[in-house]
Amino acid sequence: MSHISIRGVHQTFQSGGQSIQALQAIDLEIPRGQFVCLLGPSGCGKSTLLNAVAGFHQPTSGTIFVEGSAITEPGPDRGMVFQEYALFPWMTVEQNIAFGLQVKKTPKPAIRTKVDELLGLLHLQDFRKRHPKDLSGGMRQRVAIARVLAIDSPILLMDEPFGALDALTRRTLQDELLRLWLELKKTILFVTHSIEEALYLADRTVVMTYRPGTIKRDLPIDLPRPRDVASPAFNALKKELSQLLMEEQDRHTRDEFRGAAVD
């Protein structure tokens, strides 16, 4: 049984009196422990699909299952990490990490043990009493990841979590995420518009078309880890994915031009 099963998912929204089809006929099976990247141009429905898996909204049609159970709402089996850090500014680092455990009414000794473990795992020990405003963007994202890991969700859903970071911090956190994934054996569904990030992180990259979002290509990334971004094999895949995305960008540009001509 797949850990996540997405079957026949369509998503339509109403906007300004018009019906907008965001997703069309999405079928995707994700085994337990796999790292999957959703890759595509802006507006292709990557985040819409991720939010449906999170249970933030229901598909217009089709069903999403986690271990055979249909998703109808958010749940502790799925932890979400956003591009915006979504930390409580009035709480310290350790208080932010402990928040989900407190909501679950976890005993205080167990909370202290888990928070200490995660502070060590994400190299945050020296920042435990700091508030988010006193942290860099990279450190805030570490805290956001630690807060999700605290509730021990078997699935991590990540919506461009490193998109706002500088290149060096981004690569550092990519390596940290890979280390955590290998150690903790989570299933990860990760949204990105960066081809290099998808190739560096994923076991498998799912390329989506421009709206309506469909699956254009489901590409296994059979490269040894740690991955060498300068290798011929890496760059051959990068070229292949670039061509797929440029096809979608060109299609989008043509559609916009036709729409402008009709107007």
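Along each chain, residues carry numbers from 1 onward, in the same order as the chain's sequence is written. Where local features are concerned, this predicted model is filtered to residues with pLDDT of at least 70; where side-chain atom pairs are given and counted, the filter is 80 or more; whole-chain, interface and lining totals use all residues. Just so you know, side-chain values use all the structure's heavy atoms and leave hydrogens and water out.

**Some remarks on the environment of F88**
Secondary structure elements are defined from DSSP: runs of H or I of at least 4 residues count as helices, runs of E of at least 2 residues count as strands, and each element is numbered from the N terminus. Tracing the chain through its elements places F88 in the loop between β6 (78–81) and α2 (93–103). Relative accessibility thresholds used throughout: buried, under 20% of the residue-type maximum; exposed, over 50%; partly exposed, between the two (1.4 Å probe, protein chains only). Taking the relative accessible area as the measure of exposure, F88 reaches 22% and is therefore partly exposed. Setting aside its immediate chain neighbours within four residues, F88 contacts N96, F99, P132 and R147. Contacts are assigned to residue pairs that have any heavy atoms within 4.5 Å of one another.

**So, the sheet that holds strand β4 (residues 61–66)**
Strand pairing is defined by DSSP finding a minimum of two bridges between the two strands. A sheet is described by the order of its strands in space; here 4 strands give the open sequence β2-β1-β4-β5, paired in antiparallel fashion. Two strands lie at the open edges of the sheet, namely β2 (18–30) and β5 (69–70), each paired on one side alone. Sheet contacts for helix α1 (residues 46–54): β1 (4–15), β2 and β4; angle to β1, the most-contacted strand, approximately 115°. With axes taken as lines fitted to C-alpha atoms, and helix axes fitted only over the stretch in contact, angles between N-to-C directions fall between 0 and 180 degrees.

**Describing the pattern of salt bridges**
Salt-bridge detection follows one rule: a side-chain nitrogen of Lys or Arg within 4 Å of a carboxyl oxygen of Asp or Glu. Counted by the stated rule, this structure contains 19 salt bridges. The residue R128 makes a salt bridge to E94 at a minimum N-O spacing of 2.9 Å. You can see R128 sitting in the loop between α3 (108–121) and α4 (137–150) and its partner E94 sitting in helix α2, a full 34 residues away along the chain. Note on R128: relative accessible area 27%, which makes it partly exposed. As a salt-bridge pair, D152 and K186 come within 2.8 Å of each other at their nearest N and O atoms. Highlighted residues: D152 in the loop between α4 and β7 (155–159) and K186 in the loop between α5 (167–184) and β8 (187–192), separated in sequence by 34 residues. Each member of the salt-bridge network shares a partner with another, and the members are E94, D116, R128 and K129.

**Structural notes on α3**
To estimate how far a helix should extend, the number of its residues minus one is multiplied by 1.5 Å. End to end, α3 covers 20 Å across 14 residues, agreeing with the expected 20 Å (1.5 Å per residue, within 8%). Of all the positions in α3, only I111, V115, L118, L119 and L121 are classed as buried. The buried residues of α3 occupy an angular sector of 160° when the element is viewed end-on, so they sit on one face. Pointing more than 90 degrees away from the buried face of α3 are the exposed residues R112 and T113. Contacts made by the buried residues of α3 are with α2, α4 and α5. After α3 finishes, the residue H123 shows a positive phi value of roughly 55°. Arc, as used here, means the arc of the directions from the helix axis to the C-beta atoms.

**Section: the nonpolar core**
Here, nonpolar core means buried Ala, Val, Leu, Ile, Met, Phe, Trp, Tyr and Cys residues that are tied together by side-chain atoms lying within 4.5 Å of each other. With 52 residues, the main nonpolar core has F35, I97 and F190 as its most contacted residues. Counting residues per element, this core draws most heavily on α4, which supplies 8 residues. In this view, F190 contacts F35, V36, C37, L38, M158, P161, F162, L177, E197 and L201; residues no more than four positions away in its chain are not counted. Counting 26 residues, the second-largest nonpolar core is a separate cluster that includes A22, I26, C44 and L49.

**A short note on empty space enclosed by the protein**
Space inside and on the surface of the protein is sampled on a 1 Å grid over the protein atoms alone, with a cavity defined as a set of points where a 1.4 Å probe fits but cannot get out and a pocket as an open set with protein on both sides within 12 Å along at least 5 of 7 lines; lining residues have an atom within 4 Å of a point. Grid points are joined across faces, edges and corners, and a volume is the space filled by probe spheres set on the points. Per the stated rule, a full pass over the model turns up 1 cavity of 30 Å³ or more. Taken as a whole, the largest cavity spans an internal volume of roughly 40 Å³. Around the largest cavity, the lining residues are I145, L149, L156, L177, L180, W181, L184, K186 and I188. The leading source of residues in the lining of the largest cavity is α5, at 4 residues.

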